[in-house]
Amino acid sequence: MSIKIVVLPGDGIGPEVSNAAQLVLDTISSKFNLNIQMEEKLMGGVSIDQHGVALTDETLADCINAKAVLLGAVGGPKWDNPNAKIRPEQGLLTLRKEMGLFANLRPIKVHPQLHDASPLKNNLLNDVDILVVRELTGGIYFGKPSERIISQNGTLSAVDSMIYNDFEIKRIVELACKLSENRKSSVTSVDKANVLESSRLWRQIANNVFDVHPNIKSNHILVDAAAMHLISQPAKFDVIVTSNLFGDILTDEASVLTGSMGNLPSASIGKNGPGLYEPIHGSAPDIAGKGIANPIGMILSTALLLRYSLDQEKAAMSIEKAVNLALEDGCRTVDLNDQKSLSTQEMTNEIIMRLESINI
Ligand code: IPM
Ligand code: MG
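Residues numbered from 1 in each chain as written. Chains lettered and ligands numbered in written order. Predicted model: local features only at pLDDT ≥ 70, side-chain atom pairs only at ≥ 80, totals over all residues. Heavy atoms only, no water.

**Focus on the pairing of strand 2 (residues 36–40)**
Taken residue by residue, a regular strand's side chains alternate between the two faces of the sheet. The pairing of strand 1 (residues 3–10) with strand 2 spans five bridges and is parallel. Within strand 2, the position partnered with Ile 5 by the bridge is Met 38. (Pairing = 2+ DSSP bridges. Helix = DSSP H or I, 4+ residues; strand = E, 2+ residues; numbered from the N terminus.)

Written out as structure tokens, the structure reads:
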């Protein structure tokens, strides 16, 4: 039986890095005899151009019926009109919601040989190994109302609503606790409970979960302080659990620790059913089409796909090892070294060459 994976290359550099990921998955498929079948579909701006919507019902159904979904990136200046009713990002948000992907796992590891690629002092980067567990189907991304209002005196206003239900908070904090058990058993919950009611509920429910996990070292910090600690003492964190918006912001910030946003993968998972795997970077329209994008975030996302959706831990570890070996051997894309850099294709080849000869 074959394993069906839907690939949504999307916009900008999405197709370039997706291509890299597909080559890696092909290699894994033959190496581990997995019979992975990949099928490309349109999502994002390219789907708006072709079908008038960012995600068609057919593509959504294909994703729901697949074993897993691999996504490049969505969005770009072409579709960035602030008054546009149809936006590429809607496709991604609908996909996350409809597939029930309430948890977005974003591992942040600093490769020792990439210390110099980060603007932070080297000594701060030792032993950084963080897992951000971002809530993905609630909060201000999905709260209603979310609209423009014109009052009678002509004032134009806009409202977005940050809403969290107890069950949404409970399941994400429970997952963070569970994941921390295979790590350092330490969970930091990040909120803005000194100002926001939704954060006060978050903290209360998180405490209920922590109470039944006395073995886990837990604490709460406010998001502004978390933003500071992430760059002043990043090695202190183990698992961070937080809301949709705070997780989005903090992971872009944390990516700087690793030398480039292009390095970071993510896994979006639900209770059961297929997961969605994507790098945390965007469509990078400034470098799209040049063949220079860093494929590592996307390639490491395929490792997460193998780990969480296919239960192929050895295959996942092989990919992670191949990436590490390539970095150890000095292979760099331009975001990591603008002196002597490899193209997306060359970097991918270097990783695949090492992957082929790894035995785990
Ligand atoms: C991310 C992205 C998305 C988000 C955008 C593209 C909607 O920034 O996955 O981090 O905000 O979730
Ligand atoms: Mg983001």
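On we go from here.
**Describing the domain arrangement of the protein chain**
Where interface size is quoted, it is often the accessible area lost as the parts come together. The assigned domain composition of the protein chain is domain 1 (1–105 + 263–360) and domain 2 (119–258). Here domain 1 and domain 2 have C-alpha centroids that lie 24 Å from each other. Facing the 15 residues of domain 1 at the interface are 18 residues of domain 2. Interface of domain 1 and domain 2: buried area, both sides summed, is about 1,500 Å²; carbon and sulfur atoms make up 66% of it. Applying the counting rule to domain 1 against domain 2 returns zero salt bridges. Applying the counting rule to domain 1 against domain 2 returns four residue pairs in polar contact (both at pLDDT 80 or more). Listed by contribution, the elements that provide at least two residues to the side of domain 1 that touches domain 2 are helix 4 (88–98), strand 4 (103–109) and strand 11 (265–269). Of the residues contributing to the side of domain 1 that touches domain 2, the split by class is nine nonpolar, four polar and two charged. (Domains from an automatic or database assignment. Contact = heavy atoms within 4.5 Å. Buried area = accessible area lost by both parts, 1.4 Å probe. Salt bridge = Lys/Arg side-chain N within 4 Å of Asp/Glu carboxyl O. Polar contact = N/O pair within 3.5 Å; in protein donor to acceptor, adjacent residues only side chain to side chain. Nonpolar A, V, L, I, M, F, W, Y, C, P; charged D, E, K, R; others polar.)

**Notes on unusual backbone geometry**
In this structure, Pro 145 follows Lys 144 across a cis peptide bond, with omega equal to 5°. Residue placement: Pro 145 occurs in strand 6 (residues 143–150). The backbone phi angle of Ser 185 is positive, close to 50°, even though this residue is not glycine. Structurally, Ser 185 is set in the loop between helix 6 (166–180) and strand 8 (186–191). With a phi angle near 60°, Asp 311 is a residue other than glycine that sits in the positive phi range. Structurally, Asp 311 can be placed in the loop between helix 10 (296–308) and helix 11 (313–328). Note on Asp 311: relative accessible area 67%, which makes it exposed. (Buried < 20%, exposed > 50% of the residue type's maximum accessible area, 1.4 Å probe, protein only.)

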